[in-house]
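Coordinate analysis (summary)
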Amino acid sequence: MVVKRRRKFRRKRGSRECGWGVFHRGKGRKGGSGNAGSGKRAKAKMPHPGGWSIQEQGKFGFKFLGHSVKKVSVNLKVVEDKIETWVTEKKVVKENDVFVVDLNKIGFNKLLGAGRVYRKMKILVDFASKSAVEKIKSAGGQVVLPEALEKKSVSAKPK
């Protein structure tokens, strides 16, 4: 006798896993790909306070904050320790008793004030901390910053 029964996929409709025991969807246990599950129905994409809007998907516009200079700093302690090496490598010139150090050529653009200074130095650098400038001056040297060079060139021009 032939028994008439419903097919299995019809019987399992409405149950959680449809007879598989786990979610069986072809991509494993993932929720979906892309924006799946974000509730993209009706007016959900309309911008409204507290909810996501179309503009939250991806990046829009830019905010230009100007060109920033990457500061590579060095302490006075390092300069004091390596100055003899730099003289032998001809990165630093010794004029009379004064060492002329161009930190920009060596690869640094900011001078920091950690350490002690025992030698007279004339240091050319883009940026320097106040404590570094004070320590160099107390040792009988000087720090030449780009602002000082610009002021001299402006004052030297005839009016």
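Structure report, in brief. (Residues numbered from 1 in each chain as written. Predicted model: local features only at pLDDT ≥ 70, side-chain atom pairs only at ≥ 80, totals over all residues. Heavy atoms only, no water.)

The three strands lie next to each other as S1-S4-S6, forming an open sheet whose pairing is parallel. Sheet topology places strand S1 (73-75) and strand S6 (127-128) at the edges, where each strand pairs with a single neighbour. Pairing between S1 and strand S4 (residues 110-112): three bridges, direction parallel. Within S4, the residue paired with Ser73 across the bridge is Lys110. Sheet contacts for helix H2 (residues 76-88): S1 and S4; angle to S1, the most-contacted strand, approximately 70°. (Pairing = 2+ DSSP bridges. Helix = DSSP H or I, 4+ residues; strand = E, 2+ residues; numbered from the N terminus. Contact = heavy atoms within 4.5 Å. Axes fitted to C-alpha atoms, helices over the stretch in contact; angles between N-to-C directions.)

To continue, consider the nonpolar core. Soluble globular proteins tend to pack their nonpolar side chains together in the buried interior. Residues Val101, Leu103, Leu111, Met121 and Ile123 are the most contacted members of the largest nonpolar core, which totals 19 residues. Contributing elements (two or more residues each) for this core: H2, strand S3 (98-102), helix H3 (103-106), strand S5 (121-124) and helix H4 (130-138). Per element, the largest residue contribution to this core is four residues, and it comes from H2. Apart from the residues within four sequence positions on either side, Met121 is in contact with Val79, Glu80, Ile83, Val98, Phe99, Ile136, Gly141 and Gln142. (Core = buried A, V, L, I, M, F, W, Y, C linked by side-chain atoms within 4.5 Å. Buried < 20%, exposed > 50% of the residue type's maximum accessible area, 1.4 Å probe, protein only.)

Right, let's get into the pairing of strand S2 (residues 92-95). In terms of strand pairing, S2 meets S3 through four bridges, oriented antiparallel. Each residue of the ladder has a partner; that of Glu95, found in S3, is Val98. Between S2 and S3, which follow one another and run antiparallel, lie two residues, and Asn96 among them has a positive phi close to 55°.

To continue, consider the environment of Glu17. Locating Glu17 in the fold gives a position in the loop between helix H1 (8-12) and S1. Once residues lying within four places of it in the same chain are set aside, the contact partners of Glu17 are Val22 and Phe23.

Bringing the pairing of S5 into the picture now. Burial along S5 is one-sided: Met121 and Ile123 are buried, while Lys122 and Leu124, pointing the other way, are not. In this sheet, S5 lies alongside S3 in parallel orientation, the contact comprising four bridges. Bridge pairing in S5 links Val100 to Lys122. As defined by bridge partners, S5 adjoins strand S7 (residues 142-144) across three bridges and the pair is classed as parallel. Paired with Ile123 across the strands is Val143, a residue of S7.

Positive phi, close to 55°, is recorded for Cys18, a residue that is not glycine. The exposure class assigned to Cys18 is partly exposed, which follows from its relative accessible area of 29%. Although it is not a glycine, Lys90 sits at a positive phi angle of roughly 60°. Turning to its location among the elements, Lys90 is positioned in the loop between H2 and S2.

As far as function goes, none of this settles anything; it's purely spatial.
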